Amino acid sequence: MDQEELFAQTLEQVRERAAGQGGWISDTDVQEAFAPLGLSKEQLQMVYDYLIKRKIGINAPVDPDDYLTGEEKNYLQNYLDELETLPKAKEGEREAVALSAMTGDTDARSLLVTMYLPDVAQVARLYSGQGVPLEDLIGEGNLALTLGMSRLETLEHVSQVQGMLGKMMMDAMEELIQNQQNISKADRKMAERINKVSDAAKSLSEELHRKVTVKELADETGMAEKSIRDAMRLSGHKIEYLEGM
């Protein structure tokens, strides 16, 4: 196993251990886990930053509300206040409703969704601060909860219901966050490509005292004409130093 694979494996082991301890891990445990890799102080700090960003506390659990904006805190409180007006499940009632829902009872499934809505909001708090608004996380979790009703019949015991629905909520929110991160990364790459072409076009344009063509810029910089044309298209044809295509 090479160094990169060992690092990824160790990081995943640290995350799993933290999850099993309620979302935190000691500084000593982190250092011991990564000791075989001989990380520098700066590299180890990057590990801490990674863990904290993913709501894993160092030496103590993090407070999810620390990652909420003022607007999100207000939204969450208003949302929870609205849920307070819904009928409350009595002792053992959620399990009884879940049993009926597992048989395909549509009314029971609708009621079970209502009972789990507060759980979605609390799970969403744990995923806040990662680039997706809390409202969107809750919406995605609610959708996953609803979709989960169709899978209840596959379970063998009612004790499995909470675990399955909870995992579906978390998986949906994690996928939403990952998709947003991918979009942000793509946006950054697109902006970098446009800026690179724009800067090169500006430099050549100032040298020639006129706008330049795609071919001229390609010949001067070694860029592929297709890459230049793609940058033009992505910018909405607003690279002012280049002649239009």
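Coordinates for the structure precede this section.
Residues numbered from 1 in each chain as written. Predicted model: local features only at pLDDT ≥ 70, side-chain atom pairs only at ≥ 80, totals over all residues. Heavy atoms only, no water.

Colleague: Sorry if this is basic, but what is going on with the overall build of the chain here?
Modeller: Along the backbone of the chain there are 10 helices and two strands. Whereas a compact globule of 245 residues would reach a radius of gyration of roughly 18 Å, the chain reaches 26 Å, over 25% beyond that. Projected onto its principal axes, the C-alpha coordinates of the chain cover approximately 80 × 50 × 35 Å. The burial tally for the chain puts 34% of its 245 residues in the buried class. Just so you have it, the chain exposes about 15,000 Å², and 49% of that area is on carbon and sulfur atoms. Counting 27 positive and 44 negative side-chain charges, the chain places the averaged centre of each group 6 Å from the other. (Helix = DSSP H or I, 4+ residues; strand = E, 2+ residues; numbered from the N terminus. Rg over C-alpha atoms; globule rule 2.2 N^0.38 Å. Buried < 20%, exposed > 50% of the residue type's maximum accessible area, 1.4 Å probe, protein only. Areas by Shrake-Rupley, 256 points an atom, 1.4 Å probe, with all protein chains shown as cover. Lys, Arg positive; Asp, Glu negative; His and termini not counted. Charge placed at Lys NZ, Arg CZ, Asp CG, Glu CD.)

Colleague: Honestly, the nonpolar core in this entry has me stumped. Any pointers?
Modeller: Grouped burial of nonpolar side chains is what soluble globular proteins tend to show. Counting residues in hydrophobic clusters, the biggest one holds 37 residues, and the most contacted among them are Leu112, Leu145, Leu152 and Val161. Of all the secondary structure elements, the ones that give two or more residues to this core are α4 (70-84), α5 (93-102), α6 (106-126), α7 (134-148) and α8 (161-208). With 10 residues, α6 is the largest single contributor of residues to this core. Residues contacting leucine 145, with those up to four places away along its chain left out, are Val113, Tyr116, Leu117, Val120, Leu165 and Met169. (Core = buried A, V, L, I, M, F, W, Y, C linked by side-chain atoms within 4.5 Å. Contact = heavy atoms within 4.5 Å.)

Colleague: Explain the packing of α5 against α6 here, please?
Modeller: The angle between the axes and the distance between the axes are what describe a pair of packed helices. Close contact between α5 and α6 brings their axes to 8 Å; oriented N to C, the two are set at 135 degrees. Of the possible angle classes, the one that applies to α5 and α6 is oblique. Two packed elements cross with a definite hand, and for α5 against α6 that hand is left-handed. Contacts between α5 and α6 involve Glu93, Arg94, Val97, Ala98, Ser100 and Ala101 from the first element and Ala108, Arg109, Leu111, Leu112, Met115, Tyr116 and Asp119 from the second. Broken down by class, the residue content of the contact of α5 with α6 amounts to eight nonpolar, one polar and four charged. (Axes fitted to C-alpha atoms, helices over the stretch in contact; angles between N-to-C directions. Parallel < 35°, antiparallel > 145°, perpendicular 65-115°, else oblique. Left-handed = near helix turned anticlockwise from the far one by under 90°. Nonpolar A, V, L, I, M, F, W, Y, C, P; charged D, E, K, R; others polar.)

Colleague: Whenever I open this one, the layout of surface pockets confuses me. Can you help?
Modeller: Empty space left among the atoms is revealed by rolling a probe the size of a water molecule over them. In this structure, the largest pocket encloses a volume near 700 Å³. Lining the largest pocket we find 20 residues, and of these Arg15, Arg54, Ile56, Tyr127 and Glu174 sit closest to its centre. Contributing elements (two or more residues each) for the lining of the largest pocket: α1 (3-20) and α8. Ranked by residue count, the leading element in the lining of the largest pocket is α8, at five residues. The residue inventory of the lining of the largest pocket, partitioned by class, reads nine nonpolar, five polar and six charged. (1 Å grid on protein atoms, 1.4 Å probe; cavity = no way out; pocket = protein on both sides within 12 Å on 5 of 7 lines; lining within 4 Å. Points joined across faces, edges and corners; volume = space filled by probe spheres on them.)

Read these as layout, nothing more, since geometry by itself doesn't imply function.
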